[in-house]
Amino acid sequence: MNNFEFKNPTKIIFGKGKIANLSKEIPANAKILLLYGGGSIKSNGVYEQVKKALSSFDVVEFGGIPANPEYAVLMEALKVIKSEKITFLLAVGGGSVIDGTKFLSAATEYEGETPWDLLTSGKPSLKGMPFGTILTLPATGSEMNSGYVITRKETKEKLASGGPALFPLFSILDPQVISSIPQIQIANGLVDAFTHVMEQYMTYPANGLLQDRFAESILQTLVEIAPAILKNPSDYNAASNFMWSCTMALNGLIGEGVPGDWAVHMMGHELTAMFGIDHARTLAIIAPSHYRYNIETKKEKLAQYAERVWGVTNGTIEEKAKAGIDKTEEFFHSVGIKTKLSEYTAEFAGTAEIVSKRFTDRGWMGLGEHQKLAPADAAKIVEMSY
Ligand code: NZQ
Ligand code: ZN
């Protein structure tokens, strides 16, 4: 096992009716900016619950943060933060609203020329305005981590950043919010969380026995509850397990002391930037090809995964590894997610070359757990996924 330091300061407030506890978590004299997305919170009752809980506070609102949070929209929110002298940010939404709020938290403290530099400089944010979240869509884990991803339409870019100052102060997780989520977003959440675990687990044996079993147990739980939550998003037992699994998949714990990959996300982000494909779907497109392409270096873990998560007991290591990849792809199909780029866009020709050029231009010469996945390899993987 590798050395590590682990600190996660986010307070999780989990369960039925917990949004009512909100006021206890925010400093009494705070001036709050309530940030939300396209309006789902206004039709499912979450907005009313939040407003009621905040009745004694001075609250300004900023709605309209789109899925794949857009830089230009967030820059408008930054103006409001400054003109209204906001002191506390409250994100009410899924990963997009929470990520946008993290960017704003960092941007309020940023003294350079343009806050876009936060995404390109590679420097972690060490200062930020305090913020909390009310999660409405389990998927990203953003409610309990310090990373964020911002999209910029103008340049067709989607870049990630983060830093120790960007953990939410608290996150309220009431699984009842899941009852209004459309099935396609629930499927996205299942696949995103599943892939977060795979990015931290599907590498090579590194003697992280506990980390492996944490990872496998999250994967098994997601597979187990997937049919129930897709059939009935109001099934509280399925919803609570779904929500907690998504948070645990990317709050830092399972990746400590072991190597990580993350190349699937890096390639996937390019497909969102180029075609606007939902984040989770880009992962379902890339992951099977990525594992097939890298089977030599990943076969031990793929075989272990096939055995422990999918019960594949027959065959050689190679055969089990292949079966593990097939099972993964079948799982994505079983929740209704297609795994080929050509099933999302007819304009896929040339994508591999563009991704490889962008990686080269950014100096991303070696991705993955061995830092050996070159832009030319990324091109081959993207091409395999057409
Ligand atoms: O905007 P509204 O109207 O709220 O509708 C949203 C949106 O259209 C809707 N929704 C959310 N909660 C709902 C609901 N509809 C009905 N009932 C509810 N309770 O769902 C749609 C998608 O929301 P979004 O926040 O975009 O989804 P998700 O949580 O999947 O977030 C995706 C973003 O997170 C980034 C992705 O790249 C993408 O930009 N990621 C962030 C990560 C992180 N910070 O750690 C890691 C991830 O790998 C990912 O990259
Ligand atoms: Zn993801």
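What comes next is a walk through the structure. Because the structure is predicted, anything quoted here is derived from the model rather than measured.

**Quick word on the overall build of the protein**
Looking only at helices and strands, one finds 14 helices and 8 strands in the protein. Seen through its C-alpha atoms, the protein measures out along the principal axes to roughly 65 × 45 × 45 Å. Burial statistics for the protein: of 386 residues in total, 56% are counted as buried. A separation of at least 24 residues holds for 77% of the contacts in the protein among residues at least 6 apart in sequence. Where the 37 positive side-chain charges of the protein centre and where its 42 negative ones centre are 4 Å apart.

**Some points on helix α6 (residues 183-201)**
When the terminal C-alpha atoms of α6 are compared, their 27 Å separation across 19 residues agrees well with the 27 Å that a helix rising 1.5 Å per residue should span. For α6, a buried count of 16 out of 19 residues is recorded, marking the element as mostly surrounded by other parts of the structure.

**Considerations on the packing of aromatic side chains**
Tallying each qualifying case throughout the model produces 13 aromatic pairs. Measuring from centroid to centroid gives 5.0 Å for Y71 and W116, while their planes differ by 70°, and the two rings are edge-to-face. Taken together, the positions of Y71 in helix α3 (residues 71-83) and W116 in the loop between α4 (95-107) and α5 (117-120) put the pair 45 residues apart, joining distant regions of the chain. An aromatic cluster is defined as three or more aromatic residues linked by ring pairs; in this entry it consists of Y71, F103, W116 and Y148. When the ring centre of W116 is taken as origin, the NZ or CZ atom of R152, which lies over that ring, is 5.0 Å away. For R362, the ring lying beneath its charged end belongs to W364, and the centroid distance is 4.6 Å.

**Some details on the packing of α6 against helix α8 (residues 236-249)**
With their axes 9 Å apart at the nearest point, α6 and α8 run at an angle of 35° to one another. As for how α6 packs across α8, the hand of that crossing is left-handed. Facing α6, whose interface residues are I186, G189, L190, A193, H196, V197 and Q200, α8 presents F242, C246 and A249. Grouping the amino acids of the contact of α6 with α8 by side-chain chemistry returns 7 nonpolar, 3 polar and no charged.

**Digging into unusual backbone geometry**
With glycine set apart, most residues show a phi of negative sign, and most peptide bonds adopt trans. The phi dihedral of N68 falls on the positive side, at around 55°, and the residue is not glycine. The topology assignment puts N68 in the loop between β3 (58-62) and α3. Of note in this structure, W262 is not a glycine but carries a positive phi near 70°.

**Thoughts on the site of ligand 1**
Surveying the vicinity of ligand 1 reveals 33 residues, the closest of which are G38, S40, G95, S96 and K158. At 2.7 Å, a side-chain N or O of K158 approaches an oxygen atom of ligand 1. Protein chains shield 87% of the accessible area of ligand 1, which is 970 Å² for the free molecule. When contributions to the shell around ligand 1 are tallied by element, the ones reaching two or more residues are α4, β6 (147-152), α6 and α9 (263-275). Its residues assigned to classes, the shell around ligand 1 shows 10 nonpolar, 20 polar and 3 charged. In this structure, the shell around ligand 1 is formed jointly by two domains, domain 1 (11-176) and domain 2 (183-384), each of which donates at least three residues.

**Considerations on the environment of S171**
Within the fold, S171 resides in strand β8 (residues 170-173). Residues in contact with S171, not counting those within four places in the same chain, are T10, K11, I12, I13, T133 and E143.

**Quick look at the pattern of salt bridges**
Scanning the entire structure with this criterion turns up 18 salt bridges. In this structure, the salt-bridge partner of D212 is K301, at a minimum N-O distance of 3.0 Å. Taken as a pair, D212 in helix α7 (residues 209-231) and K301 in helix α11 (residues 295-310) lie far apart in primary sequence, 89 residues in all. For R292, the salt bridge identified is with E329, shortest N-O distance 2.9 Å. Of this pair, R292 sits in helix α10 (residues 279-293) while E329 sits in helix α12 (residues 317-334), and the two are 37 residues apart along the sequence. By sharing partners, the salt bridges in this structure join D261, K298 and E369 into a single network.

**Here's the deal with the coordination of the zinc ion (ligand 2)**
Looking at the metal site, the zinc ion (ligand 2) is ligated by D192 (OD), H196 (NE2), H265 (NE2) and H279 (NE2), spaced 2.0 to 2.1 Å from it. Donor residues for the zinc ion (ligand 2), ordered by position in the chain, follow D-x3-H-x68-H-x13-H. Placement of H196 in helix α6 and of H265 in helix α9 is noted, with a sequence separation of 69 residues between them. By the burial criterion, H196 is buried, and H265 matches it.

**A few points about a nonpolar patch on the surface**
A contiguous nonpolar patch, built from M1, F4 and F6 and spanning about 310 Å² of accessible area, is present on the exposed surface. With respect to the secondary-structure elements, M1 resides in the segment before β1 (11-14). Residue classification places M1 among the exposed positions, given a relative accessible area of 52%.

**Describing the pairing of strand β7 (residues 157-162)**
Where β6 lies against β7, 6 bridges are found, and the strand directions are antiparallel. Opposite I150, over in β7, you have L159 as the bridge partner.

The rules behind each value
Residues numbered from 1 in each chain as written. Chains lettered and ligands numbered in written order. Predicted model: local features only at pLDDT ≥ 70, side-chain atom pairs only at ≥ 80, totals over all residues. Heavy atoms only, no water. Helix = DSSP H or I, 4+ residues; strand = E, 2+ residues; numbered from the N terminus. Buried < 20%, exposed > 50% of the residue type's maximum accessible area, 1.4 Å probe, protein only. Contact = heavy atoms within 4.5 Å. Lys, Arg positive; Asp, Glu negative; His and termini not counted. Charge placed at Lys NZ, Arg CZ, Asp CG, Glu CD. Expected span 1.5 Å × (residues − 1). Phe/Tyr/Trp six-rings, centres within 6.5 Å; stacked < 30°, edge-to-face > 60°. Lys NZ or Arg CZ within 6 Å of the ring centre and 35° of its normal. Axes fitted to C-alpha atoms, helices over the stretch in contact; angles between N-to-C directions. Left-handed = near helix turned anticlockwise from the far one by under 90°. Nonpolar A, V, L, I, M, F, W, Y, C, P; charged D, E, K, R; others polar. Near = heavy atom within 4 Å. Polar contact = N/O pair within 3.5 Å; in protein donor to acceptor, adjacent residues only side chain to side chain. Areas by Shrake-Rupley, 256 points an atom, 1.4 Å probe, with all protein chains shown as cover. Domains from an automatic or database assignment. Salt bridge = Lys/Arg side-chain N within 4 Å of Asp/Glu carboxyl O. Donors = N, O, S within 2.8 Å, 3.2 Å for Na, K, Ca; no water. Patch = residues over 30% accessible without salt bridge, like charges linked within 9 Å, V, L, I, M, F, W, Y side chains within 5 Å. Pairing = 2+ DSSP bridges.

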